[in-house]
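# Per-entry structural report
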Amino acid sequence: MARSMHMALTMMRSKYKVGECPTAAFAVACHHRLHTPMYFFLLNLALLDLGCISTTLPKAMANALWDTRAISYQGCAVQVLFLVFFFDAEFSLLTVMSYDRYVAICKPLHYGSVLGSRACAQMAAAAWGSGFLNAVLHTATTFSLPLCHGNAVDQFFCEIPHILQLSCSDAYLREVWAILFSILLAFGCFVFIVLSYVQIFRAVLRMPSSQGRHKAFSTCLPHLVVTSLMISTSIFAYLKPLSLSSPSLDLVVTVLYTVVPPVANPLIYSLRNRELRDSIRTLLEYTHLQ
């Protein structure tokens, strides 16, 4: 049953992501009318989602097909490095995107000056850079520990909490402190996102157009729900006591913070955006004619 569930999860991620993320990214890159701050950040988000799925999907599908869960020590380290990198960079980018929406709705007259091309590039670079530095920190700390409780990770990919359970050295506390520091930063970003959307909702409620209010709420509320799910389940996965740990619970929690957000992002930001949908349709029609 576990094998079937793993296969279903990986196939679900493949169905939603492999086609949508590259197409949305390519559409934003090719159409000049989409060269705005919002779509620039959507392009970066699509690339991060694609990177996230590419980190775990190929190996998980191969293991499910061949009925094995083997992965080399080096492969496990690389998987942890890229997964933490893409996950942290994506959360940082979602924080930047909430600021973009705040300026666009609450301070529209200053939008062009506050979010110019240089500022957007710097914020996107900061998101990618912070994710990379955090990933290097966690990977180096985790894989410097001696492992003496076997080499079996009870998960469908290499996850830091499960690797720490294999360590027999008190040095694992360094990684625990690093995790607590990262969670504190992530919670700070989440507070910033919530405060940004509180200001957005206040501005939206003053709009005379009910259609404008509906459009804003239909995008902002799902974003808040997905972001809340992302941070709450990841915190639970990394800080839950061993007494609450079980293979089925660990699998469900891991799916909630590694699968659901990347699957939901295209639905919230891309497929519900008429301008981007039209650009994707034009791109697909042009490709078909060629």
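Owing to the predicted nature of the structure, the values given are computational and were not obtained by experimental measurement.

Thresholds applied
Residues numbered from 1 in each chain as written. Predicted model: local features only at pLDDT ≥ 70, side-chain atom pairs only at ≥ 80, totals over all residues. Heavy atoms only, no water. Phe/Tyr/Trp six-rings, centres within 6.5 Å; stacked < 30°, edge-to-face > 60°. Core = buried A, V, L, I, M, F, W, Y, C linked by side-chain atoms within 4.5 Å. Buried < 20%, exposed > 50% of the residue type's maximum accessible area, 1.4 Å probe, protein only. Helix = DSSP H or I, 4+ residues; strand = E, 2+ residues; numbered from the N terminus. Contact = heavy atoms within 4.5 Å. Disulfide = S-S within 2.5 Å. Axes fitted to C-alpha atoms, helices over the stretch in contact; angles between N-to-C directions. Parallel < 35°, antiparallel > 145°, perpendicular 65-115°, else oblique. Left-handed = near helix turned anticlockwise from the far one by under 90°. Nonpolar A, V, L, I, M, F, W, Y, C, P; charged D, E, K, R; others polar. Patch = residues over 30% accessible without salt bridge, like charges linked within 9 Å, V, L, I, M, F, W, Y side chains within 5 Å. Areas by Shrake-Rupley, 256 points an atom, 1.4 Å probe, with all protein chains shown as cover. Salt bridge = Lys/Arg side-chain N within 4 Å of Asp/Glu carboxyl O. Expected span 1.5 Å × (residues − 1).

### What about the packing of aromatic side chains?
Where two aromatic rings form a pair, the distance of their centres and the angle of their planes describe that pair. Here the structure, examined in full by the defined rule, presents nine aromatic pairs. Each member of the aromatic cluster is reached from another via a ring pair, and the members are Phe82, Phe85, Phe86, Trp128 and Phe132.

### Side note on the nonpolar core
Membership of the largest hydrophobic core comes to 51 residues, with the highest contact counts inside it found for Phe41, Val80, Leu93, Met97 and Tyr197. Broken down by secondary-structure element, the contributors of at least two residues to this core are helix H2 (37-66), helix H3 (73-106), helix H5 (117-142), helix H6 (160-164), helix H7 (172-205), helix H8 (210-239) and helix H9 (247-258). If one sorts the elements of this core by residue count, H3 sits on top with 16 residues. Apart from residues no more than four positions distant in its own chain, Phe41 is found in contact with Leu93, Val96, Met97, Asp100, Cys120, Met123 and Ala124.

### Thoughts on the state of the cysteines
One pass over the structure, following the stated rule, counts one disulfide. The disulfide partner of Cys76 is Cys158, and the S-S distance across this bridge is 2.2 Å. Because the torsion about its S-S bond is -135 degrees, the bridge between Cys76 and Cys158 counts as left-handed. Here Cys158 lies in the loop between H5 and H6 and Cys76 lies in helix H3, a separation of 82 residues in the sequence. Taking relative accessible area as the criterion, Cys158 reaches 4% and is therefore assigned buried.

### Considerations on the packing of H5 against H7
At their nearest, the axes of H5 and H7 sit 9 Å apart, and the two run at 160 degrees to each other. Between H5 and H7, the crossing angle belongs to the class labelled roughly antiparallel. Crossing angle aside, the handedness with which H5 passes H7 is left-handed. Contact residues: H5 offers Asn134, Leu137, His138, Thr141 and Thr142, while H7 offers Arg174, Glu175, Ala178, Ile179 and Ser182. For the contact of H5 with H7, the per-class residue count stands at three nonpolar, five polar and two charged.

### Structural notes on a nonpolar patch on the surface
Together, Tyr172, Leu173, Trp177, Leu180 and Leu239 make up an exposed nonpolar region whose accessible area comes to about 490 Å². Examining the composition of the nonpolar patch, we find that four residues originate from one element, H7, more than from any other. Among the secondary structure elements, Tyr172 is positioned in helix H7.

### Considering H9
Taking 1.5 Å as the rise per residue, H9 with 12 residues should run 16 Å; its terminal C-alpha atoms sit 16 Å apart, in good agreement. Restricting attention to buried positions, one finds in H9 the residues Asp250, Leu251, Val253, Thr254, Val255, Tyr257 and Thr258.

### Points about the environment of Ala178
Tracing the sequence through the fold places Ala178 in helix H7. Along the backbone, Ala178 and Thr142 are 36 residues apart, and their C-alpha atoms lie at a distance of 9.9 Å. Here Ala178 is in contact with Leu137 and His138, once residues within four sequence places are set aside.

### Side note on the environment of Tyr99
When you line up the elements, Tyr99 lands in helix H3. Taking relative accessible area as the criterion, Tyr99 reaches 27% and is therefore assigned partly exposed. Taking the C-alpha atoms as reference, Tyr99 lies 6.5 Å from Ser196; in sequence the two are 97 residues apart. Contacts of Tyr99, omitting those with residues within four sequence positions, involve Val114, Leu115, Met123 and Phe192.

Spatial relationships are all this shows, so hold off on functional conclusions.
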